[in-house]
Each structure stands twice: as C-alpha cells, then as structure tokens.
Amino acid sequence: MAKRAISRRRFLAGFAPAAGAVALSGCDDLSRAPWFRNVLFSAESLTETVQRSILTPDSLATEFTEADISPVFRANGSTNPNDPAYRAHVANGFADWRLTVGGLVETPAEFSLADLRAMPSRTQITRHDCVEGWSCIGKWKGVQLAHVLDQVGLKPEAKFIVFRCADTLEETLDGTGKYYESIAVVDAHHPQTILAYDMNDEVLAVPHGAPIRVRVERQLGYKMAKYVMGVEAVASFAEIGRGSGGFWPDRGYDWYAGI
C-alpha cells in the first residue's frame, strides 16, 4: 500500500538542499540566468511527472487509526460563507441543496444530499497537510467521486474535474474571487478521492465545508474544496476563473499539489 509510495514531500526533501546549494553558489547571477528561471518554473510539471511515474493510479495515501485522530481539526480557508443562497441552505439543513454535475458528461444530473448518502460510501482516516505548514488527522466518510461520475458518464474529451464552491475569498469585479478548484480525471477516479459529508462520525459542519467537501488525499489541503455546489467536467481551464485551474493556482500556487 502506502509503504511503497514515495511522497512529494520526501522527494522535495532530497532535492531542495541540493538545489539550494547550487543557487547559493551563484547568488544573484544565477537567479537572473534564463535557464535557471526556466528550471524553477518547470518544477511543478516535473513534480507531477515524477510522482505519476513512481506511483500507480491507485497508490493510497497513508491511512491511520481512530487513536491517531487529532483532538482538534483546524478549519482551513473560509469558515462561514456569506453567499445568500448558501446561507439559505444552511438555514433549512440543506434540504433543498442539490449538487449539479455537468460539463463534458453524457447525462447532466443533480443529486440531493440524501441521494449522495444513499450511494456506496467510503470511510478513511487520513492526514490533511496544509500549505501553511500544519497537519491534522481526521476521519472522513463520503461517496467516491468516481461513482458519481459514473452516474453521468464522462465524455472522452474530459480531462479535468472542476469543483464550483459557495465561498468567495476575494471580492472582484469579474467574479474570479469565488473559490473553485480542479483535479485531473485520473485523480478524480482515485479510490480515496471522495465527496465527504461526515467528519469524525458527525455530519460535516459548516466550518469544514458542509454539506460536502472534496477529499483528495494525495494532494495538499487547498485542493480539497469546501462548500461544493457543482462538479463540472472540462477539457481546459481557459475560460474558467483566471485560467490556471483554481482560486489559488490563479494567484501563483501550483495547480498540481501532490504530496
């Protein structure tokens, strides 16, 4: 299982000291060299290529035991969206909430929370690694994203799955401040990629992304979108947000955040 997996963190831990030594040896002259800047800008693509070459599509992130669950699980990102439609859903217990699934699919559909809970579920105890440097272990239960996608049928040209969310992290005139994220279709079909509706044996609370949040256990926390309202299959990000595949990638973060 995870014993054979070489994580992004372990790979970078070995690579970073060597890269740092090279950078320091040339200081400013090296940092201005076009070839060196190209190396830096290609790091994300290299990381994805290396990780995908090492791990099989079904390689699992480490799973833990009940005894390992963190006594307090920090809520990342926004914790209480002020979107009027979302607030109305909170007020009625998400009775009228529907997850829309569309884009490059054969049969667009909507699913209620009850519909998702009636589907086969997966439970996993995993570690959430935040880009800010903290980690927590939690227990998640939800439906595998692959199962939901099977209900609608992906078209062959679909390459990415985009998660549309209810929270706005930045007020912008063009609407690009609304949170969204995306993953590759191959990661959407990973066994541990789930739409979680329970956390630590309780209904998912608002600070943690109610009614559902994405769990993509082989990637960093900002990929695990909260307050998901829609799932969309697309061929590219060109017409979405600012074109980089997510709220934070649009602002300079790596799109592929594998660990």
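Residues numbered from 1 in each chain as written. Predicted model: local features only at pLDDT ≥ 70, side-chain atom pairs only at ≥ 80, totals over all residues. Heavy atoms only, no water.

Caption draft 1: The arrangement of the packing of aromatic side chains in detail. Here the structure, examined in full by the defined rule, presents 10 aromatic pairs. Ring plane angle 85° and centroid distance 5.1 Å describe the contact between Y222 and Y253, whose orientation is recorded as edge-to-face. Taken together, the residues span a long stretch of sequence, with Y222 in the loop between β9 (213-216) and β10 (228-234) and Y253 in the segment after β10 at a distance of 31 residues. Put simply, the rings of Y179, Y222, F247, W248 and Y253 pair up and form one aromatic cluster. The ring of F247 has R251 sitting right over it, with the charged end atom 3.7 Å from the ring centre. (Phe/Tyr/Trp six-rings, centres within 6.5 Å; stacked < 30°, edge-to-face > 60°. Helix = DSSP H or I, 4+ residues; strand = E, 2+ residues; numbered from the N terminus. Lys NZ or Arg CZ within 6 Å of the ring centre and 35° of its normal.)

Caption draft 2: A look at the state of the cysteines. For the structure on display, the rule yields 0 disulfides. Among the cysteines around C136, which has no disulfide bond, C130 carries the closest sulfur, lying 9.1 Å off. Under the relative-accessibility criterion, C136 is labelled buried at 5%. (Disulfide = S-S within 2.5 Å. Buried < 20%, exposed > 50% of the residue type's maximum accessible area, 1.4 Å probe, protein only.)

Caption draft 3: Fine view of the side chain of T193. Structurally, T193 is set in strand β7 (residues 193-199). Not counting the four nearest positions on each side in its chain, T193 is found in contact with Q144, L145, I183, D187, A188, R215 and V216. (Contact = heavy atoms within 4.5 Å.)

Caption draft 4: The pairing of strand β4 (residues 135-144), seen in detail. Here β4 lies mainly inside the structure; 7 of its 10 residues are buried. Two strands pair when backbone bridges link them, and strand β3 (residues 121-129) and β4 are joined in this way by 9 bridges, in the antiparallel orientation. Opposite S121, over in β4, you have V143 as the bridge partner. Remark: 5 residues form the turn of the hairpin made by β3 and β4, two consecutive strands paired antiparallel; G133 in that turn has positive phi of roughly 110°. Pairing between β4 and β7: 5 bridges, direction antiparallel. The partner of W140 across the bridge, within β7, is M199. (Pairing = 2+ DSSP bridges.)

Caption draft 5: Looking closely at the nonpolar core. Among the nonpolar cores identified, the biggest contains 42 residues, and L99, L116, I161 and I212 are the most heavily contacted of them. Discounting chain neighbours no more than four positions away, the residues touching I161 are L145, L149, L154, E181, S182, I183, V185, A188, V231, E232 and A233. (Core = buried A, V, L, I, M, F, W, Y, C linked by side-chain atoms within 4.5 Å.)

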